[in-house]
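Breakdown of the fold
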Amino acid sequence: MNNLAVMYHYIREREGWKGIFPLSPRDFAHQIDTLSKTYDIISLDQMDKPRSRPWCILTFDDGTKDQYINAFDILKRKGVPAYFTVMSGPLVSGIIPVFHLVHTALSFVSDEEIWERIRSKHDTTGIEEASATYSYEQDRLRRYNKYMLNIKLTTEEATEILGAVFDTLFPDKAKFIDDFYLTEREIKHMHREGMTIGVHCHEHLPYCGDPRQFYDKEIKPCREYLKGALGSYSEWYTPAFGGGVHFEAMREQLTPILIANGFKGAFSTVPKEVPQEREFWIDRIDCANLGHSR
Ligand SMILES: [Zn+2]
């Protein structure tokens, strides 16, 4: 039987955040109980040791506060290890990535208002067909907004539209970052309690096609931040957006640089189980699709 790595993002109730699809803490706890019946839930450094049952690894992306308050709390109570990754941009330079601005804006501002702001400034020809990638969104304008903000517009264009909305909602940006992301103290606490901490990104950008530049811009700053906080270099990497549309080129070009810098493995968003002998890149099943994977 194959092993399994599970991908988690928000672990929380929605509580007004209509722009996100979280897993509730209760459902998270239930998943751990269900997984434990089939798998040994292990930490990353136990992956290559032989065992009688298949293993399962719980992985967390984006380093949001709910993961500390809810997921870490549940994991501690159950005595289960997990792997958390950090995004250093907000913590180091106060930059909130576009996709989190999108989650926030879509939670608290109507889709009509955001769509109006986009349409008044940008060409939206062909939006109905192009936005089909967000077909899981029931609302038409929500699909349009997500497509324009996450895919069509440049980071600068999207930030200009969302930044204005965000500033009205959260005038104190430093407080927002403190409330929304893991703080250094919380990262240290999780590490002390046996959780593995890895590199997610600095500004949450997809792979740009230049491995050296990408390493220096997106990986190195986060790795150095974690070295400062935890005293040792992290050995695990989970790219933002699974690398993005160029993820295959990323795997090929970036892997030698990762290995040369001491990384022992990295995690994809390819929804597959993990073979007995794991490779450098480890595929992951999204927690929302756990039921369908077996
Ligand atoms: Zn991410």
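This one's a predicted model, so the numbers in the text were calculated from it and none came from an experiment.

Quick look at the side chain of Gln31
With respect to the helices and strands, the residue Gln31 is situated in helix H1 (residues 25–38). Classification of Gln31 as buried rests on a relative accessible area of 12%. A distance of 3.0 Å separates a polar side-chain atom of Gln31 from the backbone oxygen of Cys287. In contact with Gln31, other than residues within four places in its own chain, are Tyr8, Leu23, Cys287 and Leu290.

Focus: the domain arrangement of the protein chain
Partitioning the protein chain into domains gives domain 1 (4–93 + 176–293) and domain 2 (98–172). Domain 1 and domain 2 are separated by 26 Å when their C-alpha centres are compared. With 14 residues of domain 1 at the interface, the matching set in domain 2 holds 15 residues. Note on domain 1 versus domain 2: buried area summed over both sides is about 1,200 Å², and carbon and sulfur give 61% of it. In this assembly, domain 1 and domain 2 are joined by zero salt bridges. Applying the counting rule to domain 1 against domain 2 returns seven residue pairs in polar contact (both at pLDDT 80 or more). A breakdown of the residues in the side of domain 1 that touches domain 2 according to their chemical character gives eight nonpolar, four polar and two charged.

Examining the packing of H1 against helix H2 (residues 65–78)
Between H1 and H2, the least distance of the axes is 10 Å, while the angle of their chain directions is 35°. Once H1 is placed against H2, the crossing between them reads as right-handed. Residues Pro25, Phe28, Ala29, Ile32 and Asp33 of H1 form the contact with H2, whose own contacting residues are Asn70, Ala71, Ile74, Leu75 and Lys78. In the contact of H1 with H2, the residues fall into seven nonpolar, one polar and two charged.

What about the coordination of the zinc ion?
Protein-derived ligands of the zinc ion are Asp62 (OD), His200 (NE2) and His204 (NE2), with the metal-ligand distances lying across 2.0 to 2.2 Å. Sequence positions of the donors to the zinc ion reduce to the motif D-x137-H-x3-H. There is no split in this pair, since His200 and His204 are both buried.

Side note on the packing of helix H10 (residues 184–192) against helix H11 (residues 211–230)
Across the interface, H10 lies against H11 with an axial gap of 10 Å and an inter-helix angle of 70°. The angle between the axes of H10 and H11 places the two elements in the roughly perpendicular class. Residue-level inspection shows Glu184, Ile187, Lys188 and His191 of H10 in contact with H11, the latter providing Tyr225, Leu226, Ala229 and Leu230. For the contact of H10 with H11, the class distribution of residues is five nonpolar, one polar and two charged.

About the criteria used
- Residues numbered from 1 in each chain as written.
- Predicted model: local features only at pLDDT ≥ 70, side-chain atom pairs only at ≥ 80, totals over all residues.
- Heavy atoms only, no water.
- Helix = DSSP H or I, 4+ residues; strand = E, 2+ residues; numbered from the N terminus.
- Buried < 20%, exposed > 50% of the residue type's maximum accessible area, 1.4 Å probe, protein only.
- Polar contact = N/O pair within 3.5 Å; in protein donor to acceptor, adjacent residues only side chain to side chain.
- Contact = heavy atoms within 4.5 Å.
- Domains from an automatic or database assignment.
- Buried area = accessible area lost by both parts, 1.4 Å probe.
- Salt bridge = Lys/Arg side-chain N within 4 Å of Asp/Glu carboxyl O.
- Nonpolar A, V, L, I, M, F, W, Y, C, P; charged D, E, K, R; others polar.
- Axes fitted to C-alpha atoms, helices over the stretch in contact; angles between N-to-C directions.
- Left-handed = near helix turned anticlockwise from the far one by under 90°.
- Donors = N, O, S within 2.8 Å, 3.2 Å for Na, K, Ca; no water.
- Parallel < 35°, antiparallel > 145°, perpendicular 65-115°, else oblique.

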